[in-house]
Amino acid sequence: SIKMYAKAKSLNPAIYGNLLVDSVSEELAQGENSKNHIETKRFKIARYPETSDFLGDLKNLIKNHIAADNIDTIKFINKETKFFTMGSCFAGNLSDALKRTGYQCSHLGIHEHINSTFANKLLIDFLKNHQDKSHLNTDLERRVEELMPNGMNADSLINSMMDRDVFILTLGVAPVLFDRNTDEFVLPKPTSFTAKSLKHKFKIRTTSVRENVDNMISVIDFIRNLRPASKIIITVSPVPLVASFEYKSCVVADCLSKCTLRLAAHEI
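What comes next is a walk through the structure. (Residues numbered from 1 in each chain as written. Predicted model: local features only at pLDDT ≥ 70, side-chain atom pairs only at ≥ 80, totals over all residues. Heavy atoms only, no water.)

Looking now at the packing of helix α7 (residues 117-131) against helix α9 (residues 154-162). α9 packs onto α7 with a crossing angle of 100 degrees between their chain directions and a minimal axis gap of 10 Å. The angle between the axes of α7 and α9 places the two elements in the roughly perpendicular class. Packed against α7, whose contacting residues are Leu123, Phe126, Leu127, His130 and Gln131, the element α9 presents Ala154, Asp155, Leu157, Ile158 and Met161 at the interface. When grouped by side-chain class, the residues that make up the contact of α7 with α9 number seven nonpolar, two polar and one charged. (Axes fitted to C-alpha atoms, helices over the stretch in contact; angles between N-to-C directions. Helix = DSSP H or I, 4+ residues; strand = E, 2+ residues; numbered from the N terminus. Parallel < 35°, antiparallel > 145°, perpendicular 65-115°, else oblique. Contact = heavy atoms within 4.5 Å. Nonpolar A, V, L, I, M, F, W, Y, C, P; charged D, E, K, R; others polar.)

Structure representation (structure tokens):
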């Protein structure tokens, strides 16, 4: 490279007579023992797995192709680690799996339609207002209180969260119900849960990546304030949409939903 540069410079000094390049060339020419020696790092090209990889050993597929960026990170989970899961039904599945493996885990088993980031943020706003001794000032906040599992209230939920080491936040769905007139997020009562009434009473829209990012940052900030040293893991639920009023194909609707949430997790 140095010889080629010297030749190019001799042929056209106006273009190749760059002093910065000259200084780099001199340092390289001094050899590896020079304290100013510039090292070039080796890099590996990440290539998409072959079909045979997907049909082979799942553990190797995850290690080599899916969780490859996390292989060298510092491990922070041990048998004493206390988990807290929330977000969607998949968070409950994770909690059950962790308990079966011997870990301590609390799951926020609130009603399943608290499965969007809008609903998760609403829950956190409800807890914030409780901490600030504020009255429930919206119908939405009162709805959250109604959906709390038996035996659980704001105080018990906050205390449970303060005692956890790792929080697993599961992003459930991107399509969300909004008021047709005000365009505000709504959390309808179970009496409204028929396909016909949902379609006529509310507007259903697949929310944007930015909306979901902003909602989850509010949730994360609340957790950080409660438990500053906690670790937070963001997952996307693999459970598909059951139905769509937005698209003719529920498969397309589900694909857009999962892609939106995966991008939101990446942005966060």
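This paragraph deals with the packing of aromatic side chains. The final tally for this structure, using the stated rule, is five aromatic pairs. Seen in terms of ring centroids, Phe84 and Phe167 are 5.6 Å apart; in terms of plane orientation they differ by 45 degrees. Their pairing is tilted. Remark: Phe167 occurs in strand β3 (residues 166-171) and Phe84 occurs in strand β1 (residues 82-86); sequence separation between them is 83 residues. Here Phe167 falls in the buried class, since its relative accessible area comes to 0%. Between the aromatic rings of Phe118 and Phe178, the centroid separation amounts to 5.6 Å while the plane-to-plane angle is 90 degrees, which identifies the pairing as edge-to-face. With Phe118 in helix α7 and Phe178 in strand β4 (residues 175-179), this pair connects stretches of sequence that are 60 residues apart. In this structure an aromatic cluster arises from ring pairing among Phe118, Phe178 and Phe185. The lysine or arginine in question, Lys79, covers the ring of Tyr103, its NZ or CZ lying 4.3 Å from the ring centre. If you follow Lys231 out to its NZ or CZ, it ends over the ring of Phe76, 5.5 Å from the centre. (Phe/Tyr/Trp six-rings, centres within 6.5 Å; stacked < 30°, edge-to-face > 60°. Buried < 20%, exposed > 50% of the residue type's maximum accessible area, 1.4 Å probe, protein only. Lys NZ or Arg CZ within 6 Å of the ring centre and 35° of its normal.)

Okay, helix α6 (residues 89-100) next. Between its first and last C-alpha, α6 extends 17 Å over 12 residues, near the 16 Å set by a 1.5 Å rise per residue. The complete set of buried residues in α6 reads Phe90, Ala91, Gly92, Ser95 and Leu98. The secondary structure elements touched by the buried residues of α6 are β1, β2 (104-107), β3 and β6 (231-236). Of the residues flanking the end of α6, it is Gly102, one or two places downstream, whose phi is positive at about 100 degrees. (Expected span 1.5 Å × (residues − 1).)

Think of a disulfide as a covalent bridge from one cysteine sulfur atom to another cysteine sulfur atom. All chains considered together, the criterion is met by zero disulfides. Free of any disulfide, Cys259 has its nearest cysteine sulfur in Cys255, 4.0 Å distant. The class for Cys259 is partly exposed, based on a relative accessible area of 41%. (Disulfide = S-S within 2.5 Å.)

Moving on, we come to the pattern of salt bridges. By the definition in use, this model includes seven salt bridges. Between Lys82 and Asp163 there is a salt bridge whose closest N-O contact spans 3.3 Å. Note that Lys82 is positioned in strand β1 and Asp163 in the loop between α9 and β3, a separation of 81 residues in sequence. Relative accessible area serves as the criterion here: at 33%, Asp163 is assigned to the partly exposed category. (Salt bridge = Lys/Arg side-chain N within 4 Å of Asp/Glu carboxyl O.)

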